[in-house]
Amino acid sequence: MPMLRLENGVLRADVLPESGGGLLRFDLLRANEVVPVFRPAQLDEALHEPKALACYPLVPWSNRIGGGRFIFEGRTIEVPLTRDDETYPLHGHGWLMPWHQVAKGETFVELAAMVDHGAPFRYLALQRYTLAGNTLQMSLTVRNEGAPLPFGLGVHPFFPRTPDVRLQAHATGMWKAAPDHLPTVLQAPPPHADFRKPRQLEPGHTIDHSFEGWDGAADIVWPSRRLSVRVSATTSRYVLYTPVQYDFFCFEPVDHTINAHNLPGQPQDHGLTILGTGQSLQRSYQFTVTSI
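Quantities reported herein were computed from a predicted structural model and do not represent experimental measurements. (Residues numbered from 1 in each chain as written. Predicted model: local features only at pLDDT ≥ 70, side-chain atom pairs only at ≥ 80, totals over all residues. Heavy atoms only, no water.)

## Side note on the pairing of strand β14 (residues 166-169)
Two faces, one strand: in a regular strand the side chains alternate between the faces of the sheet.
Right, so step 1: Burial along β14 is one-sided: the residues Leu167 and Ala169 are buried and none of Arg166 and Gln168 is.
Right, so step 2: Of the strand pairs in this sheet, β14 and strand β17 (residues 199-200) are connected by two bridges, and their pairing is antiparallel. Pairing of Arg166 across the sheet is with Gln200, part of β17.
Right, so step 3: Direction of pairing for β14 relative to strand β19 (residues 217-222): antiparallel, over a ladder of four bridges. Within β19, the residue paired with Gln168 across the bridge is Asp219. (Buried < 20%, exposed > 50% of the residue type's maximum accessible area, 1.4 Å probe, protein only. Helix = DSSP H or I, 4+ residues; strand = E, 2+ residues; numbered from the N terminus. Pairing = 2+ DSSP bridges.)

As structure tokens, this is what we get:
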């Protein structure tokens, strides 16, 4: 059976170790109904296409590395494409490979993956999902097994997009983006992307940008579904993706800017962490669900 189910009477999460260690679905159990918190996926599709998952890990980087290369300590580091259908290396390797189960209980599971084919990166990645009351707790750890390099982490959940969904997520800045989605200039968020106060996703605008200065907490509310989610993470950035042609949107807690490897300054200036051989980086994420 490729699926592992976690359940605590309040929440249910279905994990697919062999498909990026991602989530097939994450639901609230309310009275006699199962209410999707993340956009639910179909098993057959998710086993072949990780983009169909409800959520997947981002390791050892989030989003795109422009040009498939970056300069680190005076050397040009080449990064091969992670998918043939993408222009740039996208989202690292973890979401594209099988993970194996390390430990499992009714309300938690630990997964691991050793990446030795992801040149120039070589690392051990660990994930843990835990259901605690009305909160899904996720942790993601990477341990560098190769030469010193910049590393970053994040998670990529998909949320149902309804006409009345509202988002509140403080940010001090948003990176403008070129047509290839790489960031260009950091500016104050424009009105349609300013979520310091709760606001609906405007139907005429697709947002696909990296945000800075996040305080680590965000609220998503669906009045028509009587549901809200508090997202919290040990990061100060997020990526927001709101494609107008689809019935989902993505709020991705991440610790670094899109293309942080190539932005002016040092990788650390944009959230990446330099890990020497044997050093580790961990981030945690919580999704607290409430009926309203």
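Moving on from the model shown.
## Focus on the nonpolar core
Right, so step 1: In terms of nonpolar packing, the biggest core is built from 67 residues, with Leu23, Phe26, Phe38, Phe251 and Phe287 touching the most fellow members.
Right, so step 2: Apart from residues no more than four positions distant in its own chain, Leu23 is found in contact with Ala13, Asp14, Val15, Phe38, Leu53, Ala54, Cys55, Tyr129 and Leu136.
Right, so step 3: Counting 18 residues, the second largest nonpolar core, distinct from the first, contains Leu16, Leu90, Phe158 and Phe248. (Core = buried A, V, L, I, M, F, W, Y, C linked by side-chain atoms within 4.5 Å. Contact = heavy atoms within 4.5 Å.)

## A short note on the environment of Ile220
Right, so step 1: Secondary-structure assignment places Ile220 in strand β19.
Right, so step 2: Considered as a pair, Ile220 and Arg166 are 54 residues apart in the sequence and their alpha carbons are 5.7 Å apart.
Right, so step 3: Not counting chain neighbours up to four residues away, the residues in contact with Ile220 comprise Phe159, Val165, Arg166, Leu167, Leu227, Ser228, Val229, Val231 and Phe249.

## Topic: the side chain of Thr130
Right, so step 1: Tracing the sequence through the fold places Thr130 in strand β10 (residues 123-132).
Right, so step 2: Side chain to side chain, Thr130 and Arg128 meet in a polar contact 3.1 Å long.
Right, so step 3: In this structure Thr130 touches Thr107, Phe108, Thr135, Leu136 and Gln137, once residues within four positions along its chain are discounted. (Polar contact = N/O pair within 3.5 Å; in protein donor to acceptor, adjacent residues only side chain to side chain.)

## Things to note about the packing of aromatic side chains
Ring pairs (aromatic) are described by centroid distance and by the angle formed between their planes.
Right, so step 1: Scanning the entire structure with this criterion turns up 17 aromatic pairs.
Right, so step 2: Between Trp61 and Phe121 the ring centres are 5.7 Å apart and the planes differ by 40°, which places this aromatic pair in the tilted class. Highlighted residues: Trp61 in the loop between β5 (55-58) and β6 (69-72) and Phe121 in the loop between β9 (108-115) and β10, separated in sequence by 60 residues.
Right, so step 3: Note on Trp61: relative accessible area 0%, which makes it buried.
Right, so step 4: Ring geometry for Phe211 versus Tyr238: centroids 4.7 Å apart, planes at 15°, classification stacked. In this pair, Phe211 is assigned in strand β18 (residues 208-212) and Tyr238 in strand β21 (residues 237-241), connecting sequence segments 27 residues apart.
Right, so step 5: Residue Phe211 is classed as buried on the basis of its relative accessible area of 0%.
Right, so step 6: Since its relative accessible area comes to 0%, Tyr238 is described here as buried.
Right, so step 7: Three or more aromatic residues joined by ring pairs make a cluster, and in this case those are Phe26, Phe38, Phe159, Trp222, Phe249 and Phe287.
Right, so step 8: We note Arg39 situated over the ring of Phe248; from NZ or CZ to the ring centre the distance is 4.9 Å. (Phe/Tyr/Trp six-rings, centres within 6.5 Å; stacked < 30°, edge-to-face > 60°. Lys NZ or Arg CZ within 6 Å of the ring centre and 35° of its normal.)

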